[in-house]
Amino acid sequence: NFLALLADTPKLTHGTSWDAARGLINLRDPRYEGLTSGIEREELFLQHRAALPEDPDAKKRRLRKEKEEAALKARQAQVVADRSRESQEKERRRNQLSHGEQASMFEAMLVEKIKSTDMEWRDARKLLESDDRYRAPSLRTEDKERMFRSHLERMTDQRCREFKQLLDTTISITASLTWDQARPLISKDPRYTRLTSERDRIGIFNTHLKDLRRRLREDFRQLLKETKTITHSTTRTPDLLKILKLDPRGSIMDPWPTERDALIVEYIGELKKIAVDNIVLIGGKEEKSSYADL
């Protein structure tokens, strides 16, 4: 029978594995082939091996290995237990925080982790869920999403302000430049790259140009007021432009000659109106004085 075959097989020891034993057994022996079930063969082998005497050195090695494995399992179990206690303690402390405290911690997490104004909520959740501050019991999912979107709005507002400051401090950007001309002058500045929306950049730039044009118009009008040679009877002539250009402000509206000429005509028209009003006022006083003489 199969057990007799095992007994007749040399080199089988207490430490021989079933796979190793198959390499030692004569697989063509009728006693091997007579037992067709591989599972039964292995079970009988294990019974036979258990009855074999164990080598003292092998026994020591086995016991030492079992002891090391048991110690490792104990350490792993302790680590799992410690982590579980820490997790429970964190959860307990989180539950004790007020709604306001949990909201403040959640907002602080957003500031630390969400740096892109283009991020979608579904992507942000994947990034945030590993942080303990995300699991705020008093905050519903819709509360978290609302706070996330508010955070994006604050970031966008801040970056828009920084971009506006960049335009204000870049003196090479003048009121006559187009966006395509201005962009290379500022594209390497972090305040440009942080504002990722091209639509926002162009919108702020156009507003900046309007402000520049408004200030130029105001400076030019101030120059007109300071030029005493301009009266209600002055006409817009090349000589007048030459006089105005003696002051640097006289050239600031040159890129827009039609608008410049309109400002001159408008100012002279205001002077004419003042002159007419003064004549009417003086005439009224004279007429009143003549009646008094009568």
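Refer to the structure presented above.
Everything numeric here is computed off the predicted structure, so don't read it as measured data.

This part covers the packing of aromatic side chains. Going through the model one piece at a time under the given rule, you end up with seven aromatic pairs. Here the aromatic residues Phe 163, Trp 179, Tyr 192 and Phe 205 are joined through ring pairs into a cluster of three or more. Sitting above the plane of the Tyr 32 ring, Arg 41 keeps its charged end 4.0 Å from the centroid. Here Lys 144 stacks its cationic end above the ring of Tyr 134, 4.1 Å away from the centre of that ring.

A separate point is a negative patch on the surface. Taken together, the side chains of Asp 19, Glu 40, Glu 42 and Glu 43 present a region of like negative charge at the surface. If you tally residues by element for the negative patch, the top one is helix H4 (residues 38–51), at three residues. Looking at where Glu 42 falls in the secondary structure, it is placed in helix H4. We classify Glu 42 as partly exposed; its relative accessible area is 34%.

Structurally, Ala 275 can be placed in helix H13 (residues 257–293). According to the relative accessible area criterion, Ala 275 is buried, its value standing at 16%. Placed 72 residues apart in sequence, Ala 275 and Gly 203 show a C-alpha to C-alpha distance of 43 Å.

With that settled, consider the packing of helix H9 (residues 179–186) against helix H11 (residues 198–226). The interhelical angle for the contact between H9 and H11, taken along N-to-C directions, is 110°, at an axis separation of 11 Å. Considering their axes alone, H9 and H11 lie roughly perpendicular with respect to each other. Along the contact surface, H9 presents Trp 179, Ala 182 and Arg 183, while H11 presents Glu 198, Arg 201, Ile 202 and Phe 205. The class makeup of the residues in the contact of H9 with H11 is four nonpolar, no polar and three charged.

This part is about the pattern of salt bridges. What the rule picks out here adds up to 28 salt bridges. Where Asp 143 meets Arg 140, a salt bridge forms, and the shortest distance between an N and an O atom there is 3.2 Å. Linking Arg 191 and Asp 189 is a salt bridge whose minimum nitrogen-to-oxygen distance equals 3.0 Å. The structure contains a network of salt bridges with shared partners spanning Glu 112, Lys 113, Asp 131 and Arg 133.

Let us look at the environment of Arg 260. For Arg 260, the location among the structural elements is in helix H13. You can call Arg 260 buried: its relative accessible area is 10%. C-alpha separation for the pair Arg 260 and Arg 221, spaced 39 residues apart in sequence, amounts to 9.5 Å. Residue contacts for Arg 260: discarding those within four places in its chain leaves Phe 220, Leu 241, Met 253 and Asp 254. Among the polar contacts listed, one links the side chain of Arg 260 to the side chain of Asp 261, at a separation of 3.2 Å.

With that settled, consider the packing of helix H8 (residues 141–169) against H11. Between H8 and H11, the shortest axis-to-axis distance is 10 Å and the interhelical angle comes to 45°. Comparing their axes, H11 and H8 come out oblique. Seen along the crossing, H8 lies across H11 with a hand that is right-handed. From H8, Thr 156, Cys 160, Phe 163, Lys 164, Leu 167 and Asp 168 reach across to H11, where they touch Asp 200, Arg 201, Ile 204, Phe 205, His 208 and Asp 211. Considered class by class, the residues forming the contact of H8 with H11 number five nonpolar, two polar and five charged.

Next up on the list: the nonpolar core. In this structure, Phe 163, Ile 186, Ile 230, Leu 244 and Ile 264 are the most contacted members of the largest nonpolar core, which totals 31 residues. At the level of secondary structure, the elements contributing two or more residues to this core comprise H8, H9, H11, helix H12 (238–244) and H13. Of the residues forming this core, the biggest block, eight residues, is contributed by H11. Contact partners of Leu 244, with chain neighbours within four places excluded, come to Phe 220, Leu 223, Leu 224, Thr 227, Ile 230, Gly 250 and Ile 264. Within the second largest apolar cluster, 15 residues are counted, among which are Ala 103, Leu 110, Ala 136 and Leu 152.

Reading the values: rules and limits
In this convention, every chain numbers its residues from 1, walking through the sequence in written order. Local features in this predicted model are restricted to residues of pLDDT 70 or higher, and side-chain atom pairs are both shown and tallied only at a pLDDT of 80 or more, whereas totals for entire chains, interfaces and linings draw on every residue. Computation of side-chain values: all heavy atoms of the structure, hydrogens and water removed. Any pair of Phe, Tyr and Trp rings, taking the six-membered ring for Trp, is counted once the centres come within 6.5 Å. Such a pair is stacked with planes under 30 degrees apart, edge-to-face with planes over 60 apart, and tilted for the rest. Over a ring means this: the NZ of a Lys or the CZ of an Arg is within 6 Å of the ring centre and within 35 degrees of the ring normal. Candidate patch residues must exceed 30% relative accessible area and have no salt bridge, after which like charges are joined if within 9 Å and Val, Leu, Ile, Met, Phe, Trp or Tyr side chains if within 5 Å. Here, Shrake-Rupley sampling with a 1.4 Å probe gives the accessible areas, and only protein chains in the shown set may cover a residue. The rule for a salt bridge is simple: a side-chain nitrogen of Lys or Arg has to be within 4 Å of a carboxyl oxygen of Asp or Glu. Charge counting treats Lys and Arg as positive and Asp and Glu as negative, with His and both chain ends excluded. To locate a charge, take NZ of a lysine, CZ of an arginine, CG of an aspartate or CD of a glutamate. A run of H or I in DSSP counts as a helix once it spans at least four residues, and a run of E counts as a strand once it spans at least two, with each numbered from the N terminus. The cut-offs for exposure are 20% and 50% of the maximum accessible area for each residue type, with area from a 1.4 Å probe on protein chains only; residues under the lower value are buried, those over the upper are exposed, and the others partly exposed. Here an angle of 0 to 180 degrees is reported between the N-to-C directions of two axes, which are lines fitted to C-alpha atoms, with helices fitted over the stretch in contact. Orientation categories follow fixed angle ranges, with anything under 35 degrees roughly parallel, anything over 145 roughly antiparallel, 65 to 115 roughly perpendicular, and all other angles oblique. The contact definition used throughout considers only heavy atoms, calling two residues in contact when any of these lie within 4.5 Å. Polar here means any residue outside two lists: the nonpolar Ala, Val, Leu, Ile, Met, Phe, Trp, Tyr, Cys and Pro, and the charged Asp, Glu, Lys and Arg; Gly therefore counts as polar. Pairs of N or O atoms are called polar contacts if they sit within 3.5 Å, as long as, within protein, a hydrogen donor faces a hydrogen acceptor (for residues adjacent in sequence, only side-chain-to-side-chain pairs). Throughout, a crossing is termed right-handed when the near helix is turned clockwise from the far one, and left-handed when it is turned anticlockwise from it by less than a right angle. The nonpolar core is taken to be a set of buried Ala, Val, Leu, Ile, Met, Phe, Trp, Tyr and Cys residues, with the residues joined through side-chain atoms within 4.5 Å.

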